[in-house]
Amino acid sequence: MNRLYRPRSFLSLLLTGFIFVSLPLVIALVSAIQIMDGLVQQSAGVVFRSVSRIDSSRKVIDQLHGQERAARLYSVLGDPAHLADVDRSHRELDELFHHFAAATSEQEVLQLLERLQAKESSLVAMLNSSASGEAEMRKMEQEKALEGYGEIESLAVQLERLCNGLMGREVESIRQLARSNKKTLILQVSGLIAFSLMLVVLFMVLIIKPVHQLDRAIERLGEGDFATPIAVAGPKDLETLGGKLDWLRKRLDTLDREKVRMLAHISHELKTPLSSIKEGAGLLKEGLVGPLSKSQEEVVSILDSNCTKLQKLIQNILDFNMAQAREAPPQIEQVQLDRLVEEVAEDHRNAMLARKISFSTTLEAVAVDGDRKQLRTVLDNLLGNAVKFIQDGGAIKVFLRRKGNKAHVIVEDNGPGIAEEDRAQIFLPFFQGSQKNRSIVKGSGLGLAISKEYAQNCGGTLRLLPSSQGARFSLTLPCAEERVS
């Protein structure tokens, strides 16, 4: 389509589609009008001819009746005026027969008219000839002529019936023609509607395709995919818009790289003074610079503890940078996932005991291929968040099951859970939900974003599952033996 026809704008594509889709329907309408017009004209011709024949036949009958009446008066009274009426009626009948014959082409009607005209002419001639004969002869010829009018009347009635029959046959032919035209019209309209529907489908594809390409491009940008080029095939204005989106993609990719470099630089710069503070706190805690009072020891202990937490936050930022940059590929190895879960749980054992948190596991022996360090970070973040947000005396459960060629890890708790308005953004970098945690130091909002990135690096997925109470996360990873080496 792009090579044959490239519309200048999306609007021109819509107008072209409307014209092409409407064209078969217009053709169908014009064809229907022509067929109906032809049928109406033929019907009008049939009606005109039929009415003309019947009207002429009735005039012939009426004229013959008048002529017969004048002939009988002449025969009884012998008045020449009545014979003149017969002659005048004869002339009118000759003119009527001439017009009747000129208005019809049916051979049966023409033959009957000839017979009727000949018979009528002979009777008139017989009456005229009787006017000059003897009285007895005249009387016989007149009676013979009057008897002939009975045969003429029979022929006139036959003519009328024949005209009525012709009208019936022509009406039936019009009905058959109407049925034939109806079938033809149905076939034409059905074919044109089918063709119109095909054009509708074609133009729907042509219209939806560039819109879908734009939609997918915007979705990829929203998901942070700045590596895939954006190309839109279609009207020139949409292609131009696709080019602008591709420029935006490149610009966002540049800004994203600059952000990663900036975060890496800031995190690295923060680690140096933080290390000095932690070392100084360690020296004070160990009493290497002199003995401390009990209150001073408490302050130093708090300082040392928060330095450790701050180091962890900075490390999270560095981990997120590494996950975003993907400069180093993950170190894939076979990991016994059930053992790794137990190791990570052991790291949080003291915190759970201090807050009387119930912890239980249901683990199947499952091995997966992945980066051990990254998988440990994922599990550590999930358990750490559960401990951080759960209430004292709450419960945390971890399930590990194998289904087919997938390993499924479920981490759930009975804490306050995640607010409905936060669920769609929980995996976004630096996003912090509305729920308050039990930690003294506020988190960076990178833990789940890093975990999702690391899960994808290992060929798996991390999802937030719906739950009636608390938070429920699902980590799915491909089993080791099912992966292609």
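Given the structure is predicted, the values throughout are model-derived calculations rather than measurements.

1. A short note on helix α2 (residues 80-103)
An α-helical segment advances 3.6 residues per turn. Residues three or four places apart therefore align on the same side. Relative to the 34 Å expected for 24 residues at 1.5 Å per residue, α2 spans 35 Å between its end C-alpha atoms, a close match to the ideal helical length. H82, L83, V86, S89, H90, L93, L96, F97 and F100 are the residues of α2 that are buried.

2. Quick word on the nonpolar core
Of all hydrophobic cores here, the largest spans 40 residues; its most connected members are L337 and I396. For this core, the secondary structure elements donating two or more residues are α7 (337-347), α9 (372-389), β4 (395-403), β5 (406-413), α10 (447-457), β6 (461-464) and β7 (472-478). The biggest single contributor to this core is α9, with seven residues. L337 has contacts with V366, A367, V368, L379, L400, A407, V409 and L477, leaving out every residue within four places of it along the chain. Residues L93, V124, L127 and Y149 belong to the second largest nonpolar core, which totals 30 residues.

3. Section: the packing of α7 against α9
Remark: α7 packs on α9, axes separated minimally by 10 Å, with the N-to-C direction vectors making an angle of 50°. Viewed along their axes, α7 and α9 adopt a mutual orientation that is oblique. Of the two possible hands of crossing, α7 and α9 adopt the one that is right-handed. Here L337, L340, V341, E343, V344, A345 and D347 of α7 come into contact with α9, specifically with R372, L375, R376, L379, D380 and L383. Along the lines of polarity and charge, the residues of the contact of α7 with α9 split into eight nonpolar, no polar and five charged.

4. Points about empty space enclosed by the protein
Per the stated rule, a full pass over the model turns up two cavities of 30 Å³ or more. Estimates place the volume of the largest cavity at around 50 Å³. Forming the boundary of the largest cavity are I61, L64, H65, E68, Y149, I152, E153 and A156. Sorting the residues of the lining of the largest cavity by element identifies α1 (10-77) and α4 (135-222) as the ones contributing at least two each. Tallied by class, the residues present in the lining of the largest cavity amount to five nonpolar, one polar and two charged. Taken as a whole, the second largest cavity spans an internal volume of roughly 30 Å³.

Calculation criteria
Residues numbered from 1 in each chain as written. Predicted model: local features only at pLDDT ≥ 70, side-chain atom pairs only at ≥ 80, totals over all residues. Heavy atoms only, no water. Helix = DSSP H or I, 4+ residues; strand = E, 2+ residues; numbered from the N terminus. Expected span 1.5 Å × (residues − 1). Buried < 20%, exposed > 50% of the residue type's maximum accessible area, 1.4 Å probe, protein only. Core = buried A, V, L, I, M, F, W, Y, C linked by side-chain atoms within 4.5 Å. Contact = heavy atoms within 4.5 Å. Axes fitted to C-alpha atoms, helices over the stretch in contact; angles between N-to-C directions. Parallel < 35°, antiparallel > 145°, perpendicular 65-115°, else oblique. Left-handed = near helix turned anticlockwise from the far one by under 90°. Nonpolar A, V, L, I, M, F, W, Y, C, P; charged D, E, K, R; others polar. 1 Å grid on protein atoms, 1.4 Å probe; cavity = no way out; pocket = protein on both sides within 12 Å on 5 of 7 lines; lining within 4 Å. Points joined across faces, edges and corners; volume = space filled by probe spheres on them.

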